[in-house]
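Inside the fold
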Amino acid sequence: GENVEQHPSTLSVQEGDSAVIKCTYSDSASNYFPWYKQELGKRPQLIIDIRSNVGEKKDQRIAVTLNKTAKHFSLHITETQPEDSAVYFCAASSPGGQNFVFGPGTRLSVLP
Amino acid sequence: GAVVSQHPSRVICKSGTSVKIECRSLDFQATTMFWYRQFPKQSLMLMATSNEGSKATYEQGVEKDKFLINHASLTLSTLTVTSAHPEDSSFYICSANNYGTANTEAFFGQGTRLTVV
């Protein structure tokens, strides 16, 4: 089955700096890669996603890149703000989206 | 976006009792819902996949007699923690995929924090 790894587990950046979180997956059949943000005590919320037919996607300060050959994808947050502090989960899904396999998460702290 | 509602958000129960958690898709039909368990500062661990009208598919290591899942309609799945013990205390969260949209996005319920005393 699919296995998703995520690094780093914790990340601290100064406000205004960029943050990068990286994930790798094992199943070459996976074709959908969402990123979720979970604030303390709340449900995960989708912030951006990418499909395997696209190499990069950007939405304001957030971007995701995908390297299918290497089976890894990354989340990039620019101009970080304190409200970006949360736990971020990557996930990989096989065709049909029957299930997501989540990475272990990255706790991002943006220091003022 | 689509809405998934989960109740209760918090529950405290005595050891040995059972607790039922409901997960509803409010504005779309969900033939499949997923139940996760999340320990403090850890990731979402899939417990089972709930299929409407059929038996749930449990992940390895999850006791199906302890965590009863029922998916009687296209908008409702329930998770019942039977004979709860303190070690069952955790954050339980459901999700459903809205296959009616172009993207296969998973929508999460707000989660249930279960404390067994």
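All of the points below concern the structure found in this document. (Residues numbered from 1 in each chain as written. Chains lettered and ligands numbered in written order. Predicted model: local features only at pLDDT ≥ 70, side-chain atom pairs only at ≥ 80, totals over all residues. Heavy atoms only, no water.)

1. A short note on the interface of chain B and chain A
- Every contact between the two is made by 22 residues of chain B and, on the other side, 18 residues of chain A.
- Of the roughly 1600 Å² buried where chain B meets chain A, counting both sides, 49% is carbon and sulfur surface.
- Counting the contacts that link chain B with chain A gives 0 salt bridges.
- Put simply, chain B and chain A have 4 residue pairs in polar contact (both at pLDDT 80 or more) between them.
- At the level of elements, β4 (32-38), β5 (44-51), β9 (90-97) and β10 (106-108) of chain B are the ones that each hand at least two residues to the side of chain B that touches chain A.
- The greatest single-element share of the side of chain B that touches chain A, amounting to 4 residues, is contributed by β4 of chain B.
- Residues that form the side of chain B that touches chain A fall into these classes: 11 nonpolar, 9 polar and 2 charged. (Contact = heavy atoms within 4.5 Å. Buried area = accessible area lost by both parts, 1.4 Å probe. Salt bridge = Lys/Arg side-chain N within 4 Å of Asp/Glu carboxyl O. Polar contact = N/O pair within 3.5 Å; in protein donor to acceptor, adjacent residues only side chain to side chain. Helix = DSSP H or I, 4+ residues; strand = E, 2+ residues; numbered from the N terminus. Nonpolar A, V, L, I, M, F, W, Y, C, P; charged D, E, K, R; others polar.)

2. A few points about unusual backbone geometry
- A cis amide bond, omega -5°, links H7 of chain A with the succeeding residue P8 of chain A.
- Inspection of the secondary structure puts P8 of chain A in the loop between β1 (4-7) and β2 (10-14).
- Looking along the chain, the bond that leaves H7 of chain B and enters P8 of chain B is cis, with omega of -5°.
- Looking at the element boundaries, P8 of chain B is found in the loop between β1 (4-7) and β2 (10-13).
- The backbone of S83 of chain B shows a phi angle near 45°, a positive value even though the residue is not glycine.

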